[in-house]
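A look at the structure
Next come the chains, spelled out residue by residue.
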Amino acid sequence: MRAETADVLVRAVLPPWAAGAARADDAAGPLFAGERALCAGVGPRRQGEFTTGRWCAHRALARLGVPPVEVGRGARGEPLWPPGVLGSITHCAGFRAAAVCRAHDALGLGIDVERDAPLPARVRARLIHEQEAVRVRLEPAGERLLFSAKEAVYKACSALGGDSCAPPLAHIRIEVAPGGHGPGASGRFTARVPAATGPGGPGRPVFEGRWHHSHGLVVTSCVIVRPDTGVPTARLAHAVGTPGPPQTRSAWDSST
């Protein structure tokens, strides 16, 4: 797969104000000194995932207009983005990608990529609900799409305040809107989190996402936009579980 094609797969699920980058092969670098230290001593497979993931992150940041900067790693293994930036890194066999946006445009951004293959039975039994599975039987990638969407939602929620704000994957309900079929199919989904675990307490937030199916891959994203309520971002980040006014814009509106 050409680099331009890999980038197209990521852009297909991102809002116009976000930036992404992807590769279907492993890059040798370059890495910042701190990044090299993070992957010292790991095996070849993990080395390729980490190095190429950071390569994608650097490229996505450059496309967003951010000067070259190290992307570190937090205590939970999450990438540490420069101030004022949100982002997400993902990888699967033969594909790595990163996406970033400005923090004033969103509260959370998550992306995920999966190979279009049946889910292992134990994963399906633990994470996919029967009602979800029935609704996606006619969609490309079916249950793999559901799994990828849950991963993207989890990453977006984590940006709000760490794992304490991210519900378990089994608690995330995905509803896929009817979309296209065949190669290059794309569509939207909504994600419902019935019980947020953050300090805001129980709530029923609904988030929006997009999916794209092409080249044997399922790519998904979830963007939690900042509602047009005048409420500061920091306050909203601590109230992820609290129901609020409906959003007045979509993450994919070009006017945002």
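The sections below set out a description of the structure shown in this document. For every chain, the first residue of the written sequence is number 1, and numbering continues from 1 onward in sequence order. In keeping with the predicted nature of the model, local features appear solely for residues at pLDDT of at least 70, side-chain atom pairs appear and are counted solely at 80 or more, and the whole-chain, interface and lining totals rest on all residues. As a convention, hydrogens and water are excluded, and side-chain values are obtained from all of the structure's heavy atoms.

What about the overall build of the protein?
Rules: We count a stretch as a helix when DSSP gives it H or I for four or more residues in a row; a strand needs E for two or more, and each element gets its number in order from the N terminus. Residue contacts follow a heavy-atom distance rule, with two residues in contact if any of their heavy atoms lie within 4.5 Å. Per-residue and other accessible areas follow the Shrake-Rupley method at a 1.4 Å probe size, with only the shown protein chains counted as cover for residues.
When helices and strands are counted, the protein shows 7 helices and 10 strands. Pairs at least 24 residues apart make up 60% of the contacts formed inside the protein by residues separated by at least 6 positions. Split by element, the accessible area of the protein, about 11,600 Å² in all, is 56% carbon and sulfur.

Re the sheet that holds strand S6 (residues 106-115)
Quick note on the threshold: The pairing criterion for strands is at least two bridges between them, as found by DSSP. Axis angles are defined between N-to-C directions and span 0 to 180 degrees, where every axis is a line fitted to C-alpha atoms and, for a helix, only to the segment in contact.
One open sheet accounts for 5 strands, arranged S6-S10-S9-S8-S7; its pairing is antiparallel. This sheet does not close on itself; its edge strands, each paired only once, are S6 and strand S7 (173-176). Here the strands of the sheet are splayed against their neighbours by 25° on average, with no regard to which way each runs. Across 8 bridges, the pairing between strand S8 (residues 185-192) and strand S9 (residues 206-214) is antiparallel. Paired with Ala-191 across the bridge in S9 is Phe-207. Strands in contact with helix H6 (residues 142-158) are S6, S7, S8, S9 and strand S10 (217-225); relative to S6, the strand with the most contacts, it is inclined by about 150°.

Points about the side chain of Thr-220
Rule in force here: Two N or O atoms count as a polar contact when they lie within 3.5 Å, although within protein this holds only if one can serve as hydrogen donor and the other as acceptor, and sequence-adjacent residues are included solely when both atoms are side-chain atoms.
Structurally, the position occupied by Thr-220 is in strand S10. A polar contact of 2.7 Å, which involves the side chain of Thr-220, links it to the side chain of Ser-148. Not counting residues within four places of it along the chain, the set of residues in contact with Thr-220 comprises Val-13, Gly-110, Ile-111, Asp-112, Leu-145, Ser-148, Ala-149, Ala-152, Phe-189, Arg-210 and Trp-211.

A look at unusual backbone geometry
Short version of the rule: For each residue, the accessible area found with a 1.4 Å probe, counting protein chains only, is set against the maximum for its type, and the residue is called buried under 20%, exposed over 50%, and partly exposed in between.
At His-215, a residue that is not glycine, the phi angle is positive and equals roughly 55°. With respect to the element layout, His-215 can be found in the loop between S9 and S10. For His-215, a relative accessible area of 49% translates into the label partly exposed.

What to know about the packing of aromatic side chains
The following threshold applies: Planes of paired rings set the category: under 30 degrees apart is stacked, over 60 is edge-to-face and the rest tilted, where pairs are Phe, Tyr or Trp rings (Trp by its six-membered ring) whose centres lie within 6.5 Å. Either the NZ atom of lysine or the CZ atom of arginine qualifies as a charge over a ring when it sits within 6 Å of the ring centre and within 35 degrees of the ring normal.
A complete count under the given rule lists 0 aromatic pairs for this structure. Across from the ring centre of Trp-55, 4.6 Å away, lies the NZ or CZ of Arg-23, which sits over that ring.

Some thoughts on the nonpolar core
As a rule of thumb, nonpolar side chains are buried together in soluble globular proteins. Our working definition: Residues grouped as a nonpolar core are buried Ala, Val, Leu, Ile, Met, Phe, Trp, Tyr and Cys residues, joined through side-chain atoms within 4.5 Å.
If you look at the biggest cluster of nonpolar residues, it comprises 31 residues, and the most contacted ones within it are Val-153, Ile-174, Val-176, Phe-189, Phe-207, Cys-222 and Ile-224. If you list the elements that add at least two residues to this core, you get helix H4 (121-127), H6, S7, S8, S9 and S10. The greatest single-element share of this core, amounting to 8 residues, is contributed by H6.

Here we look at the pattern of salt bridges
What counts here: Salt bridges are identified by distance alone: a Lys or Arg side-chain nitrogen within 4 Å of an Asp or Glu carboxyl oxygen.
Under the defined criterion, the tally for this structure stands at 12 salt bridges. The salt bridge involving Lys-155 is made with Asp-112; its shortest N-O contact spans 3.9 Å. Taken together, the residues span a long stretch of sequence, with Lys-155 in helix H6 and Asp-112 in strand S6 at a distance of 43 residues. Accessibility expressed as a relative area gives 4% for Asp-112, which makes it buried. Via salt bridges that share partners, Arg-45, Arg-46 and Glu-49 belong to a single interconnected network.

Some thoughts on the sheet that holds strand S1 (residues 19-23)
Spatially, S1-S5-S4 is the arrangement adopted by the 3 strands of the open sheet, whose pairing is antiparallel. At either end of the open sheet lies a strand with only one pairing partner, and these are S1 and strand S4 (85-92). Pairs of neighbouring strands in the sheet enclose a mean axial angle of 10°, with direction left out of account. Those strands touched by helix H1 (residues 3-11) are S1 and strand S5 (95-102), and its axis lies near 135° from that of S1.

Here's the deal with the pairing of S4
Within a regular strand, the side chains alternate between the two sheet faces. With 7 of 8 residues buried, S4 is to be regarded as a mostly interior element. Relative to S5, S4 runs antiparallel, the two being bridged by 8 bridges. Following the sheet pairing, Ser-88 is matched in S5 by Ala-99. The turn joining S4 and S5, which pair antiparallel and follow one another in sequence, is formed by 2 residues; a positive phi near 80° is taken by Gly-94.

Quick look at the side chain of Lys-150
Mapped onto the elements of the fold, Lys-150 is located in helix H6. Among the residues examined, Lys-150 registers a relative accessible area of 0% and is labelled buried. Contacts of Lys-150, omitting those with residues within four sequence positions, involve Leu-127, Ile-128, His-129, Glu-132, Leu-169, Ile-172 and Ile-174.

Here's the deal with H6
Put simply, the rule is: By this rule, a helix spans an expected 1.5 Å times one less than how many residues it contains.
With 17 residues, H6 extends 25 Å between its outermost C-alpha atoms, agreeing within 8% with the 24 Å of an ideal straight helix rising 1.5 Å per residue. Across the 17 residues that make up H6, a large majority, 13, are buried.

These figures capture arrangement, not role.
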